[in-house]
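# Breakdown of the fold
Here are the chains, one letter per residue:
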Amino acid sequence: MTKFLDRLLSGLDRMTEAKARGAARRHGRRSFLARAGGAIVGGVALAPILPFDRRANAAGAAAAGDECGYWRHCAIDGFLCQDAGGTLTSCPPGSSVSAVSWVGTCTNPDDNKDYLVSYNDCCGKPLIPMTTFCYNSKGERPGYRMGLYNDVNWCMANEAKGYHCTVSVVVGLAE
Amino acid sequence: MKLTTALTLTLAGLAGMAHAADEIQPETLTIEKTIAPGPNVLVMDFGMVGSSPVYVFGSEELKLKGNIGTGSFGQMVLSKDGKTLYTVSAYLERYVYGDIDAVVHEWDLQTMTAKREFEINDKFGHAESQPGLLTLADDEKFLLVQNATPATSVTVVDLAKGADIAEVPTPGCWTAIPAVEGRRFTSICGDGTLASYGFEADGTFTKPVKSAQIFDADKDALFANPLRVGSKLIYLSFGGNFLVVDDSAETATLEKTVSIEGGEWAPGGSEVMTYHAPSNTIFVMMHKGAFDGSHKNPAEEIWAVDAETFKVKGRSAANGETGILATKGDAPELFGVTHTGTLVKYSVALGDEVTLTKSAEREGAAIFPALMVSDF
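Residues numbered from 1 in each chain as written. Chains lettered and ligands numbered in written order. Predicted model: local features only at pLDDT ≥ 70, side-chain atom pairs only at ≥ 80, totals over all residues. Heavy atoms only, no water.

## A look at the overall build of chain B
Regarding its fold elements, chain B presents one helix and 29 strands. In terms of overall dimensions, chain B has C-alpha extents of about 95 × 50 × 35 Å along its principal axes. A total of 376 residues make up chain B; the buried ones form 57% of that total. Residue pairs at least 24 apart in sequence account for 45% of intrachain contacts in chain B once pairs closer than 6 positions are excluded. For chain B, the accessible area works out to roughly 16200 Å², and carbon and sulfur atoms hold 53% of it. Here chain B holds 29 positive side-chain charges and 50 negative ones, and the gap between their average locations is 1 Å. (Helix = DSSP H or I, 4+ residues; strand = E, 2+ residues; numbered from the N terminus. Buried < 20%, exposed > 50% of the residue type's maximum accessible area, 1.4 Å probe, protein only. Contact = heavy atoms within 4.5 Å. Areas by Shrake-Rupley, 256 points an atom, 1.4 Å probe, with all protein chains shown as cover. Lys, Arg positive; Asp, Glu negative; His and termini not counted. Charge placed at Lys NZ, Arg CZ, Asp CG, Glu CD.)

## As for the overall build of chain A
Each helix and strand in chain A was counted, giving three helices and seven strands. Scanning chain A from its N terminus toward the C terminus, one meets helices and strands in the order α-β-α-α-β-β-β-β-β-β. Counting over 175 residues, chain A shows a buried share of 59%. Accessible surface computed for chain A: about 6900 Å², of which carbon and sulfur atoms make up 58%.

## Observations regarding the UniProt feature "domain: Methylamine/Aralkylamine dehydrogenase light chain C-terminal" (unreviewed entry) in chain A
As recorded in UniProt, the feature "domain: Methylamine/Aralkylamine dehydrogenase light chain C-terminal" (unreviewed entry) lies at residues 66–172 of chain A. Here residues 66–172 of chain A is 0% helix and 36% strand, with 25 Å between the C-alpha atoms at its ends. (UniProt positions renumbered as here; feature names shortened; annotations may be inferred.)

## A short note on the environment of B:Val157
Residue and element names in this part refer to chain B. Along the chain, the position of Val157 falls in strand S10 (residues 152–158). Each C-alpha atom of the pair Val157 and Val354 lies 40 Å from the other, and the pair is 197 residues apart in sequence. Excluding residues that lie within four positions of it along the chain, Val157 makes contacts with Phe118, Ile120, Lys141, Phe142, Leu143, Val145, Ala163 and Asp164.

## Quick word on the nonpolar core
One finds A:Tyr144, B:Trp174, B:Tyr235, B:Phe242, B:Ile282 and B:Val284 to be the most contacted residues of the largest nonpolar core, which totals 61 residues. Excluding residues within four positions of it along the chain, B:Val284 makes contact with B:Leu236, B:Phe242, B:Ile260, B:Pro267, B:Val272, B:Met273, B:Glu301, B:Ile302, B:Trp303, B:Val305 and B:Ile324. A:Phe79, B:Tyr86, B:Ala90 and B:Val157 belong to the second-largest nonpolar core, a separate cluster that totals 26 residues. (Core = buried A, V, L, I, M, F, W, Y, C linked by side-chain atoms within 4.5 Å.)

## What about the packing of aromatic side chains?
Counted under the stated rule, the structure contains 18 aromatic pairs over all chains. Ring centres of A:Tyr70 and A:Trp71 lie 6.1 Å apart, and the angle between their planes is 65 degrees; on these two criteria the pair is classed as edge-to-face. No difference in accessibility class separates A:Tyr70 from A:Trp71, as the two residues are buried. Measuring from centroid to centroid gives 5.8 Å for B:Phe46 and B:Phe368, while their planes differ by 85 degrees, and the two rings are edge-to-face. Taken as a pair, B:Phe46 in the loop between strand S1 (40–45) and strand S2 (54–58) and B:Phe368 in the loop between strand S28 (355–362) and strand S29 (369–374) lie far apart in primary sequence, 322 residues in all. No difference in accessibility class separates B:Phe46 from B:Phe368, as the two residues are buried. (Phe/Tyr/Trp six-rings, centres within 6.5 Å; stacked < 30°, edge-to-face > 60°.)

## Description of the confidence of the model for chain A
Residue and element names in this part refer to chain A. Mean pLDDT over chain A works out to 74, with 63% of the residues at or above the 70 mark. Below pLDDT 50 for its whole length, residues 1–39 participates in 72 contacts with residues either more than four positions away or in separate chains. Below pLDDT 50 for its whole length, residues 41–62 participates in 38 contacts with residues either more than four positions away or in separate chains. (pLDDT = per-residue confidence, 0-100.)

## Observations regarding the sheet that holds strand S26 (residues 333–338) of chain B
Residue and element names in this part refer to chain B. Read from one edge of the open sheet, four strands run S25-S26-S27-S28, paired in antiparallel fashion. Each of the sheet's edge strands pairs with one partner strand only, and the pair in question is strand S25 (321–326) and S28. Adjacent strand axes in the sheet meet at a mean angle of 25 degrees when their direction is disregarded. (Pairing = 2+ DSSP bridges. Axes fitted to C-alpha atoms, helices over the stretch in contact; angles between N-to-C directions.)

## Notes on the interface of chain B and chain A
With 42 residues of chain B at the interface, the matching set in chain A holds 43 residues. Together, the buried faces of chain B and chain A total about 3300 Å²; carbon and sulfur atoms form 61% of this surface. For B:Lys296, the salt bridge identified is with A:Glu140, shortest N-O distance 3.0 Å. Inspection of the region where chain B meets chain A yields 15 residue pairs in polar contact (both at pLDDT 80 or more). For the side of chain B that touches chain A, the secondary structure elements donating two or more residues are strand S12 (173–178) and strand S13 (184–189) of chain B. Of the residues that constitute the side of chain B that touches chain A, the class distribution is 24 nonpolar, 13 polar and five charged. (Buried area = accessible area lost by both parts, 1.4 Å probe. Salt bridge = Lys/Arg side-chain N within 4 Å of Asp/Glu carboxyl O. Polar contact = N/O pair within 3.5 Å; in protein donor to acceptor, adjacent residues only side chain to side chain. Nonpolar A, V, L, I, M, F, W, Y, C, P; charged D, E, K, R; others polar.)

## Description of unusual backbone geometry
All names here are of chain B. The omega angle of the peptide bond from Thr149 to Pro150 is 15 degrees, so this bond is cis rather than trans. Locating Pro150 in the fold gives a position in the loop between strand S9 (142–148) and S10. With a phi angle near 80 degrees, Thr175 is a residue other than glycine that sits in the positive phi range. Its location among the elements puts Thr175 in strand S12.

## Details of the sheet that holds S29(B)
Sheet strands line up and pair through hydrogen bonds in the backbone, either parallel or antiparallel. Residues and elements named next belong to chain B. As summarised here, the arrangement of the four strands in space is S3-S2-S1-S29, forming an open sheet in which the pairing is antiparallel. Taken across any chain shown, the strands that pair with only one partner, and hence form the sheet edges, are strand S3 (64–68) and S29. Strand after strand, the sheet turns through a mean of 25 degrees between neighbouring axes, direction not considered. In this structure, S1 lies alongside S29, joined through five bridges in antiparallel fashion.

## A word on a negative patch on the surface
Residues A:Glu159, B:Glu93, B:Asp99, B:Asp101, B:Glu117, B:Glu119 and B:Asp122 make up a contiguous surface patch of negative charge. Summarising the element assignment, B:Asp122 is placed in the loop between strand S7 (113–120) and strand S8 (134–137). (Patch = residues over 30% accessible without salt bridge, like charges linked within 9 Å, V, L, I, M, F, W, Y side chains within 5 Å.)

## Let's talk about the pattern of salt bridges
Considering all chains together, one arrives at 15 salt bridges over all chains under this definition. Among the salt bridges present, the one from A:Asp151 reaches B:Lys296, with a minimum N-O distance of 3.0 Å. Of this pair, A:Asp151 sits in the loop between strand S6 (133–135) and strand S7 (163–173) while B:Lys296 is found in the loop between strand S22 (281–288) and strand S23 (301–306), placing the two residues in two different chains. On the basis of relative accessible area, B:Lys296 is assigned to the buried category, the value being 11%.

## Topic: the state of the cysteines
Residues and elements named next belong to chain A. Enumeration over the complete set of coordinates arrives at six disulfides over all chains. Cys81 shares a disulfide with Cys165; S-S distance 2.1 Å. Taking the sign of the torsion about the S-S bond as the criterion, the disulfide between Cys81 and Cys165, at about 100 degrees, is right-handed. Within this pair, whereas Cys81 is found in the loop between strand S2 (77–79) and strand S3 (96–97), its partner Cys165 is found in strand S7, the two being separated by 84 residues in sequence. Grouping residues by exposure puts Cys81 and Cys165 together as buried. Residue pairing for Cys91: its cysteine sulfur links by disulfide to Cys122, the two sulfurs lying 1.9 Å apart. Of note, the bridge from Cys91 to Cys122 carries an S-S torsion of about -75 degrees and is left-handed in sense. (Disulfide = S-S within 2.5 Å.)

Below is the structure:
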């Protein structure tokens, strides 16, 4: 039991540290809120596999050990699926993809272009507190701009409403 | 040691224990009937899987008096007399999947037991606990529940009936802030307006009455949850502008906009501000070096602002809080919860200058502290 608690608390420590790190991060990017104003319905169906995905994946995080600083996580609030059996763009096996999602506008430092990123939650399994938790809020808005809101369970429209983890899927150019 | 010798020693030991038991009065197992006396601070721990427990701390030493267990994605609101806690939360049939029961609980704070529970429609929003998502209206006869499917609406719950009586569509709007009197509430909308809605005890409701545009959600968004200051509502923008709104008439009107004049400092956090009525003081969590996305940053300082003149009356060091709460009495205390789950208590020195001094703290008060209320 003690071992379990140690692991849990260690995971939660990482979670809160990551939250603090994310909150302390500086972005200074342009905003394209007007173009990203609506929730994406059926986010995965709309998500193309874009060429820069591979480049982005190869590029890895912004800095070693700083997964949350990776450019496409600029408005993420969640546990990373890539640490839980999924990838940047896929949910872990046995989970389901959220039918709706929130959207961020993030700048890829490699080409200095702004991309629309759909943050889908993966659903129907317990969250894993030992995985990396990221909390970034560039362009985030409260629930009155629901499609930009990241403090809500985006599994809300699924049959399986339990929150598992979050992916960051590039769905288009913001300009 | 031979087996027979060991057995003999064991039996002798047991005989000794039985003899000892004859000489003492066996203890009686009981249950505490109520929580320990004294004022309390309640912290809701937002639960994404399983319960959103509400921890009850004695305000003096921050000692844990017990907890209340709700379902997942909990919201809470305390009655004015501080005796009854209302919660709404979700119970998933298989914890992480399956049918949902959305349950309203009415908890007796002293005994920490449910006086009543009933189900309502299952649309309530699974959003981080915040004040405007579960409110009491019309002299606490009705409960207003924010829904998100993600389409937004508000469920009206008749507490006398113990049932939901209406679902008021509130597209593009968020929170249900009750009017001071009557069956009406205000919601903040993404188009920069405030929408007012009326409802009746028979479940009918009016069309929304929209205000003029009072803010621009792209240029300087407002935190969704306002303060109730007398007959006015005070909203705060990410950029540090206070918006004073009169919601007493059918159409909400903006009375004035006043900057906190923070320079490179900006407000941030979840429950970003709190109000102390006897001294007419607003406390705001502030951080330095604001940027796009820093509106939820933990507090580096807590500023005291006069709610009439909006002049800053004091700046005090903070401890990384994401939510703050001022108590109601003439001599207030201020409580904060940090992003690492610590509950912090400040003594407040009022006057021409307002200063906060940390007087106690409790680490590990909650894992994901999301909302506080107090009964004093």
